[in-house]
Amino acid sequence: MSYTKDLIAEMERKIPSLMKENKAFMEKIARTKPKNLDKVTHQLHKEEFEKIDCLECARCCASLGPMIFESDIEKMASAVKTKVPKFKDDFIKIDEEGDYIFNQSPCPFLCHDNLCFIYQHRPKACREYPHTDRKRFYQVARKTYHNAATCPAVYSIVEMLKRIF
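Quick look at the structure, then.

Scoring rules and cut-offs
Residues numbered from 1 in each chain as written. Predicted model: local features only at pLDDT ≥ 70, side-chain atom pairs only at ≥ 80, totals over all residues. Heavy atoms only, no water. Helix = DSSP H or I, 4+ residues; strand = E, 2+ residues; numbered from the N terminus. Buried < 20%, exposed > 50% of the residue type's maximum accessible area, 1.4 Å probe, protein only. Contact = heavy atoms within 4.5 Å. Arc of directions from axis to C-beta. Phe/Tyr/Trp six-rings, centres within 6.5 Å; stacked < 30°, edge-to-face > 60°. Lys NZ or Arg CZ within 6 Å of the ring centre and 35° of its normal.

## A closer look at the environment of Met11
Assignment of secondary structure puts Met11 in helix H1 (residues 3-32). With relative accessibility at 1%, the residue Met11 sits in the buried group. Sequence separation of Met11 and Glu48 is 37 residues, and the distance between their C-alpha atoms is 14 Å. Not counting residues up to four positions away in its chain, the partners in contact with Met11 are Pro16, Arg59, Ala148, Ala149, Thr150, Cys151, Pro152 and Tyr155.

Here it is as structure tokens:
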């Protein structure tokens, strides 16, 4: 097996029993804002994504519904050579919070080989996922707790952060 597949198997075994612990830990991170959090998290992100093969996984694309902005819709519509209203009719819905999201899961642009059909024009949320390399990481700590249940890289990063902080 590969590192990615091994980590997914470990994550699937352990995550159910870690959810409460991870939630409490990430809430603590959001509250306390450790001084070197960004530096540490960014280094862990870099190291983890040198080992992870996202194309072996694609769990984010298969299960998460990214928030989509109007500017994202315009780019995606252009990528599939259709007008914005038709694109919205075919691919977009408004969720219970009033945000645009894809109208189906997995993502309608996830190909059988886990490549993204519109990769160069994917939504901002997809480009930035899993947010473990962003500045002021503490601001997305609560979201990270959820992402650790989906993304093996985030799972690994959170486990390492728990040992450090």
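Here the narrative resumes.
## Observations regarding helix H5 (residues 70-79)
Along H5, the positions that sit buried rather than exposed are Asp72, Ile73, Met76 and Ala77. For H5, the arc enclosing every buried residue in end-on projection is 130°, short of the 170-degree limit, so these residues lie on one face. On its buried face, H5 is in contact with helix H6 (84-91), strand E1 (92-94), strand E2 (100-102) and helix H7 (124-128).

## Topic: the packing of aromatic side chains
Summed over the entire model, instances satisfying the criterion amount to 4 aromatic pairs. Residues Phe87 and Phe91 carry aromatic rings whose centres are separated by 4.9 Å and whose planes lie at 40° to one another, so their mutual orientation is tilted. Placement of the pair is Phe87 and Phe91 together in helix H6, with a separation of 4 residues, close to one helical turn. Classification of Phe87 as buried rests on a relative accessible area of 0%. With centroids separated by 5.8 Å and ring planes inclined at 65°, the aromatic side chains of Phe102 and Phe109 adopt a geometry described as edge-to-face. Residue classification places Phe109 among the buried positions, given a relative accessible area of 5%. Through a chain of ring-to-ring contacts, three or more aromatic side chains come together here, namely Phe87, Phe91, Phe102 and Phe109. The ring of Tyr119 has Arg122 sitting right over it, with the charged end atom 3.8 Å from the ring centre.

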